[in-house]
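# Survey of secondary and tertiary structure
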Amino acid sequence: MNDVIQQILHTYSMFFDFEMWGEVLTDPVAWGLIGSLVLIEGLLSADNALVLAVLVKHLPKEKQKKALLYGIIGAYVFRFIAIGVGVYLVKFAIVKILGAAYLAWIVIQYFKNKGEDDEAKEFNKASIMVRIFGTFWATVISVEIMDIAFSIDSVLAAFAISDQVWVLLLGGMLGILMMRTVAGVFLNLIEKFPELETTAFVLIGIIAAKMFASVFGFHLPHLVFFAILIGAFLMTFVIHYVEKNKKNNASEKESAAGKK
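Residues numbered from 1 in each chain as written. Predicted model: local features only at pLDDT ≥ 70, side-chain atom pairs only at ≥ 80, totals over all residues. Heavy atoms only, no water.

### Examining helix 5 (residues 93-113)
- Taking 1.5 Å as the rise per residue, helix 5 with 21 residues should run 30 Å; its terminal C-alpha atoms sit 30 Å apart, in good agreement.
- Where helix 5 is concerned, the buried positions are Lys-96, Gly-99, Ala-100, Leu-103, Ile-106, Val-107 and Tyr-110. Buried residues of helix 5 fall within an arc of 120° about the axis and therefore sit on the same side. Away from its buried face, by an angle of more than 90 degrees, helix 5 presents the exposed residues Ile-94, Leu-98, Ile-108 and Lys-112. (Helix = DSSP H or I, 4+ residues; strand = E, 2+ residues; numbered from the N terminus. Expected span 1.5 Å × (residues − 1). Buried < 20%, exposed > 50% of the residue type's maximum accessible area, 1.4 Å probe, protein only. Arc of directions from axis to C-beta.)

### With respect to the pattern of salt bridges
- Evaluated as defined, the whole model comprises 1 salt bridge.
- The partner of Lys-246 in a salt bridge is Glu-243, and the shortest N-O contact between them spans 4.0 Å. Here Lys-246 and its partner Glu-243 are both found in helix 11 (residues 222-259), 3 residues apart, which amounts to about one turn of the helix. (Salt bridge = Lys/Arg side-chain N within 4 Å of Asp/Glu carboxyl O.)

### Considerations on the environment of Ala-232
- Turning to its location among the elements, Ala-232 is positioned in helix 11.
- Sequence separation between Ala-232 and Thr-199 is 33 residues; the distance between their C-alpha atoms is 6.8 Å.
- Setting aside residues up to four positions removed in sequence, Ala-232 forms contacts with Thr-199 and Leu-203. (Contact = heavy atoms within 4.5 Å.)

### Topic: the side chain of Lys-210
- By the element assignment, Lys-210 lies in helix 10 (residues 195-214).
- Judged by its relative accessible area of 16%, Lys-210 is buried.
- Residues within four places of Lys-210 in sequence aside, it is in contact with Ala-160, Ile-161, Leu-220 and Phe-225.

### Some thoughts on a nonpolar patch on the surface
- There is a patch of nonpolar side chains on the surface, built from Leu-69, Tyr-70, Ile-73, Val-77, Ile-81, Ile-128, Ile-132, Phe-133 and Trp-137 and spanning about 880 Å² of accessible area.
- Listed by contribution, the elements that provide at least two residues to the nonpolar patch are helix 4 (61-89) and helix 6 (128-133).
- Structurally, the position occupied by Val-77 is in helix 4. (Patch = residues over 30% accessible without salt bridge, like charges linked within 9 Å, V, L, I, M, F, W, Y side chains within 5 Å. Areas by Shrake-Rupley, 256 points an atom, 1.4 Å probe, with all protein chains shown as cover.)

### A short note on the nonpolar core
- Ranked by size, the top nonpolar core spans 47 residues in total, and within it Leu-103, Phe-159, Ile-161, Ile-204 and Ile-207 carry the most contacts.
- Residue assignment for this core shows that the elements contributing at least two residues are helix 3 (28-56), helix 4, helix 5, helix 7 (135-161), helix 8 (165-181), helix 10 and helix 11.
- Of the residues forming this core, the biggest block, 8 residues, is contributed by helix 10.
- When near neighbours in sequence (up to four residues on either side) are disregarded, Ile-161 contacts Leu-33, Leu-37, Ile-40, Ile-207, Lys-210, His-222 and Phe-225.
- Counting residues in each nonpolar core, the second largest holds 8 residues, with Leu-55, Ala-67, Phe-136 and Val-143 among its members. (Core = buried A, V, L, I, M, F, W, Y, C linked by side-chain atoms within 4.5 Å.)

### Digging into empty space enclosed by the protein
- Under the definition given, this model contains 2 cavities of 30 Å³ or more.
- Its volume calculated, the largest cavity comes out at about 110 Å³.
- Along the wall of the largest cavity there are 15 residues; nearest its centre are Leu-37, Glu-41, Ser-154, Ala-157 and Ala-158.
- Those elements giving two or more residues to the lining of the largest cavity turn out to be helix 3, helix 4, helix 7 and helix 8.
- Grouping the amino acids of the lining of the largest cavity by side-chain chemistry returns 10 nonpolar, 3 polar and 2 charged. (1 Å grid on protein atoms, 1.4 Å probe; cavity = no way out; pocket = protein on both sides within 12 Å on 5 of 7 lines; lining within 4 Å. Points joined across faces, edges and corners; volume = space filled by probe spheres on them. Nonpolar A, V, L, I, M, F, W, Y, C, P; charged D, E, K, R; others polar.)

### Some thoughts on the packing of helix 5 against helix 10
- Close contact between helix 5 and helix 10 brings their axes to 8 Å; oriented N to C, the two are set at 160°. One element, helix 5, and the other, helix 10, form an angle in the roughly antiparallel class. The hand of the helix 5/helix 10 crossing is left-handed. Between helix 5 and helix 10, the contacting residues are Lys-96, Ile-97, Gly-99, Ala-100, Leu-103, Ala-104, Ile-106, Val-107, Tyr-110 and Phe-111 on the first element and Glu-197, Thr-198, Phe-201, Val-202, Ile-204, Gly-205, Ile-207, Ala-208, Met-211, Phe-212 and Ser-214 on the second. (Axes fitted to C-alpha atoms, helices over the stretch in contact; angles between N-to-C directions. Parallel < 35°, antiparallel > 145°, perpendicular 65-115°, else oblique. Left-handed = near helix turned anticlockwise from the far one by under 90°.)

Here's what the structure looks like:
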């Protein structure tokens, strides 16, 4: 038990290793991995930010910002703890298998429920939490729970992409920031290119396979992963414009037939 605690504490001490900081910040591959984490988390978090906005909308404007601020602080704390403990746990094959299975499950659930209405649930003002903690703090707790739920998917995906502590930490922290500050950009991007959401889950499926394969000693080279990532997004835009042209051509034919 002491050995386990020492290894976890060693991981946390690496967070403050400025020599490793320098290595990560000057390594193009590390920045490529961080960018991949931020991009995937940004796409997955766009809808999450919308859910959080619905959760706090019953509060006055000034308290909405405060509730989200407290939520983001908690999200950072949870991510810090999850990465520290996870770096140790992910060394075990059973953890990798369970993590890969969970990622595969959320991908299957996405495609299974695709097309169905998924309205965000509004905050329940009559809940037990409201009676115990009051409306404001009950809202903060709800935001916190939602943040943690969102973080689980992101943390597992991050461990499948890299096992470098600073890559995970920077990618995770930037990802949370992206969810709160530029989520609107990703929402607009997904609205303009709706196929991007599907692409994100396809990539999660690939990441799940990558994590599962690592149990058997197979490690996907970073350059190959980047190529898959870029290829997936390029293919998404190609599919979008092909489908758009098909619809435009079909509309033109219908208009022409109507005039006749």
